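These are the residues of each chain, in order.
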Amino acid sequence: METVGLAERLYNTYPHELDGGRRQRIGIARALALNPKFIVCDEPVSALDVSIQAQILNLMQDLQEELGLTYMFITHDLSVVKHISDNIAVMYLGQVVELASSKELFKNPLHPYTKALLSAIPVPSIKHKRERILLKGEITSPINPPEGCRFAKRCWMAQDRCFKETPELKNIGNEHHVACHLVK
Ligand code: SF4
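These numbers were taken from a predicted model, which means no experiment stands behind them. (Residues numbered from 1 in each chain as written. Predicted model: local features only at pLDDT ≥ 70, side-chain atom pairs only at ≥ 80, totals over all residues. Heavy atoms only, no water.)

Caption draft 1: Main features of the site of the ligand. Taken together, 13 residues surround the ligand, and among them Cys149, Cys155, Cys162, Cys180 and His181 come closest. Residue composition of the shell around the ligand, grouped by class: 11 nonpolar, 2 polar and no charged. (Near = heavy atom within 4 Å. Nonpolar A, V, L, I, M, F, W, Y, C, P; charged D, E, K, R; others polar.)

Caption draft 2: Quick look at the nonpolar core. With 20 residues, the main nonpolar core has Val4, Ile28, Leu32, Met60, Leu63, Tyr71 and Phe73 as its most contacted residues. Beyond its immediate sequence surroundings of up to four residues, Tyr71 is in contact with Ile39, Cys41, Met60, Leu63 and Gln64. Grouped together as the second largest cluster of nonpolar side chains are 17 residues, Val81, Tyr113, Ile121 and Ala152 included. (Core = buried A, V, L, I, M, F, W, Y, C linked by side-chain atoms within 4.5 Å. Buried < 20%, exposed > 50% of the residue type's maximum accessible area, 1.4 Å probe, protein only. Contact = heavy atoms within 4.5 Å.)

Caption draft 3: The arrangement of the packing of aromatic side chains in detail. Per the counting criterion, the structure on display carries 3 aromatic pairs. Ring centres 4.7 Å apart and planes at 65° place the aromatic pair Tyr92 and Tyr113 in the edge-to-face group. Here Tyr92, found in strand E3 (residues 87-92), pairs with Tyr113, found in helix H5 (residues 112-119); they are 21 residues apart in sequence, far enough to count as distant. A single burial state applies to Tyr92 and to Tyr113, both of which are buried. (Phe/Tyr/Trp six-rings, centres within 6.5 Å; stacked < 30°, edge-to-face > 60°. Helix = DSSP H or I, 4+ residues; strand = E, 2+ residues; numbered from the N terminus.)

Caption draft 4: Examining the domain arrangement of the protein more closely. Here the protein is described as being made up of domain 1 (1-85) and domain 2 (100-184). The gap between the C-alpha centroids of domain 1 and domain 2 is 30 Å. For the pairing of domain 1 and domain 2, the buried interface totals around 410 Å² over both sides, and the portion due to carbon and sulfur atoms is 79%. The largest contributions to the domain 1 side of the interface with domain 2 come from Leu78, Lys82 and Ser85, which together make up 84% of the buried area. Scanning the region where domain 1 abuts domain 2 turns up 0 salt bridges. For the interface between domain 1 and domain 2, the tally reads 0 residue pairs in polar contact (both at pLDDT 80 or more). (Domains from an automatic or database assignment. Buried area = accessible area lost by both parts, 1.4 Å probe. Salt bridge = Lys/Arg side-chain N within 4 Å of Asp/Glu carboxyl O. Polar contact = N/O pair within 3.5 Å; in protein donor to acceptor, adjacent residues only side chain to side chain.)

As structure tokens, then:
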């Protein structure tokens with residue numbers, strides 16, 4: 001509890017007596033109790049409000065440095081992704097469609113799905129507006145997906161080939177991997 005910043009007076013409290021941020025600290029403490037090197041964090045801050053999110057993310061980064069941890073951080077929140085990640089894998093319907101360092105991915109997104117995701121990040125400026133890519137079309141069923149690219153039904157760049165051949169995840173240089181027929 002000390003490691004995750006919980007006061008001694010809280011030792012005997014019940015979960016319902018703690019707020020969301022403190023309960024999340026308990027979750028982190030439970031994960032750390034086994035002295036792991038690798039922790040899978042599945043949406044660890046999505047239920048928290050923004051100020052508490054920042055506290056928990058800062059705590060996780062401090063612990064990472066102190067204990068030499070590796071996190072696999074699963075989230076749909078791209079601002080959080082940008083803040084915490086060294087490397088990013090973008091997934092669509094259970095498949096990795098783009099994999100790169102955080103810096104590279106935000107500077108040079110290549111897969112159409114990644115471009116659409118990044119276009120949805122709000123810009124904190126009234127002078128600069130980012131053009132939003134709105135995805136239309138039907139979401140392919142993940143239960144029995146057909147041949148071809150799983151994103152094809154929603155992709156504005158799709159060609160005939162995309163509906164027949166599944167694109168492989170290829171290294172296009174600089175450890176930037178993309179699964180799209182149009183990216184060379
Ligand atoms: S392979 Fe085709 S459908 Fe899939 S992302 Fe690339 S262009 Fe779009």
